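Each chain is listed here by its residues.
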Amino acid sequence: MRILVVEDEMGLADAIGAILKKEKYIVDIANDGKTGLEYAMTGEYDCILLDIMLPRMNGLEVLTYLRVQEVETPVLLLTAKSETDDKIKGLDCGADDYLTKPFSTGELLARIRAMTRRKGISVDINPKYKDITLDLKKGEIICGANSVVLGRKEFQMMELLISKAGQIVTKEDFVKKIWGDSDDSEYNNVEVYISFLRKKLQLLHSCVQIKTRRSIGYCLDGGNS
Ligand code: CA
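Participant: Summarise the overall build of the protein chain; cite the residues concerned and give the values.
Facilitator: Summing up its helical and strand segments, the protein chain has 8 helices and 12 strands in all. For the protein chain, the C-alpha atoms occupy an extent of roughly 55 × 35 × 30 Å along the three principal directions. Considering the protein chain as a whole, with its 225 residues, one finds that 48% of them fall into the buried category. In the protein chain, of all internal contacts separated by at least 6 residues, the share reaching a separation of at least 24 is 57%. Summed over its atoms, the accessible surface of the protein chain is roughly 11000 Å², and 49% of this surface lies on carbon and sulfur atoms. When the 32 positive and 35 negative side-chain charges of the protein chain are each reduced to one mean point, those points stand 6 Å apart.

Below, the structure is given as structure tokens:
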């Protein structure tokens, strides 16, 4: 599950990002409306958390543009208490739900779950590539009759690799989307986790391999099958 957070209060954006990553979501953050719109237009997200008062382009403009362009990703508006009118306008513009700041972690997560369930995107669609499937509920990777449990980071990395199947995922992508900030030590962790994942794929006798590409990143390869 990929979530886009569009929020200009850096502290809040980072806090939300940290909460979501802890729950196994893959998170991108945009700190202004225009950047948020560019990200959202890719249609890569399962859910968008959208602040209303944003620099460069406000949340309602972003939302209106997305809906006109037929990007139907569920949108949860984040509103300040004083913005009651905006809330109503937001729902009219095609928002799926709203949350008034300040909100609790539990409430945020419940709203996200409810929204993605409603849209049927859900958590129940297990990512697949060739002969492997990720079981989102159990945190396992399955191949035929065999399965093996993945650690949280391994799972997120595999999910990212599958979502980008056929493309190179760079170390920077992994660090940015899974660890959240770039620290040199995280880059080494990527290699370590890739080696864990390779061992687990072998253990499952999967035809899928994680190939190193041009020493900048990794991509899935399904062999001939
Ligand atoms: Ca704001």
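Moving on from the coordinates now.
Participant: I'd like to hear about the pattern of salt bridges, residue by residue, with values.
Facilitator: For the coordinates displayed, the defined rule picks out 16 salt bridges. The closest approach of N and O atoms between aspartate 86 and lysine 89, which form a salt bridge, is 3.5 Å. A residue pair is termed a helical-turn pair when its members lie 3 or 4 positions apart in one helix, as aspartate 86 and lysine 89 do in helix α4 (residues 84–92) at 3 residues. In the salt-bridge network here, residues are joined through shared partners; they are Arg2, Asp28, Glu44, Lys164 and Lys177.

Participant: With reference to specific residues and values, describe the packing of helix α2 (residues 33–41) against helix α3 (residues 59–68).
Facilitator: Their axes nearest at 9 Å, the elements α2 and α3 cross at an angle of 25°. Accordingly, the angle class assigned to the pair α2 and α3 is roughly parallel. Crossing geometry of α2 relative to α3 is assigned as right-handed. Contacts between α2 and α3 pair Gly33, Leu37, Ala40 and Met41 from the former with Val62, Tyr65 and Leu66 from the latter. Residue composition of the contact of α2 with α3, by class: 6 nonpolar, 1 polar and no charged.

Participant: Would you mind going over the coordination of the calcium ion in detail, with residue names and values included?
Facilitator: The calcium ion binds to the protein through Asp8 (OD), Asp51 (OD) and Met53 (O), with metal-donor distances spanning 2.1 to 2.3 Å. The sequence pattern formed by the donor residues of the calcium ion is D-x42-D-x1-M. A residue pair is termed long-range when its members are at least 10 positions apart, and aspartate 8 in the loop between β1 (2–6) and α1 (10–22) and aspartate 51 in strand β3 (residues 47–51) qualify at 43 residues. What makes aspartate 8 partly exposed here is its relative accessible area of 27%. Judged by relative accessible area, aspartate 51 falls into the buried class, the value being 2%.

Participant: Please give an account of the environment of histidine 205 that cites residues and values.
Facilitator: Inspection of the secondary structure puts histidine 205 in the loop between α8 (184–203) and β11 (209–213). Along the chain, histidine 205 and asparagine 146 lie 59 residues apart, while their C-alpha atoms are 8.8 Å from each other. Once residues within four sequence positions are removed from consideration, histidine 205 is found in contact with Asp131 and Cys143.

About the criteria used
- Residues numbered from 1 in each chain as written.
- Predicted model: local features only at pLDDT ≥ 70, side-chain atom pairs only at ≥ 80, totals over all residues.
- Heavy atoms only, no water.
- Helix = DSSP H or I, 4+ residues; strand = E, 2+ residues; numbered from the N terminus.
- Buried < 20%, exposed > 50% of the residue type's maximum accessible area, 1.4 Å probe, protein only.
- Contact = heavy atoms within 4.5 Å.
- Areas by Shrake-Rupley, 256 points an atom, 1.4 Å probe, with all protein chains shown as cover.
- Lys, Arg positive; Asp, Glu negative; His and termini not counted.
- Charge placed at Lys NZ, Arg CZ, Asp CG, Glu CD.
- Salt bridge = Lys/Arg side-chain N within 4 Å of Asp/Glu carboxyl O.
- Axes fitted to C-alpha atoms, helices over the stretch in contact; angles between N-to-C directions.
- Parallel < 35°, antiparallel > 145°, perpendicular 65-115°, else oblique.
- Left-handed = near helix turned anticlockwise from the far one by under 90°.
- Nonpolar A, V, L, I, M, F, W, Y, C, P; charged D, E, K, R; others polar.
- Donors = N, O, S within 2.8 Å, 3.2 Å for Na, K, Ca; no water.

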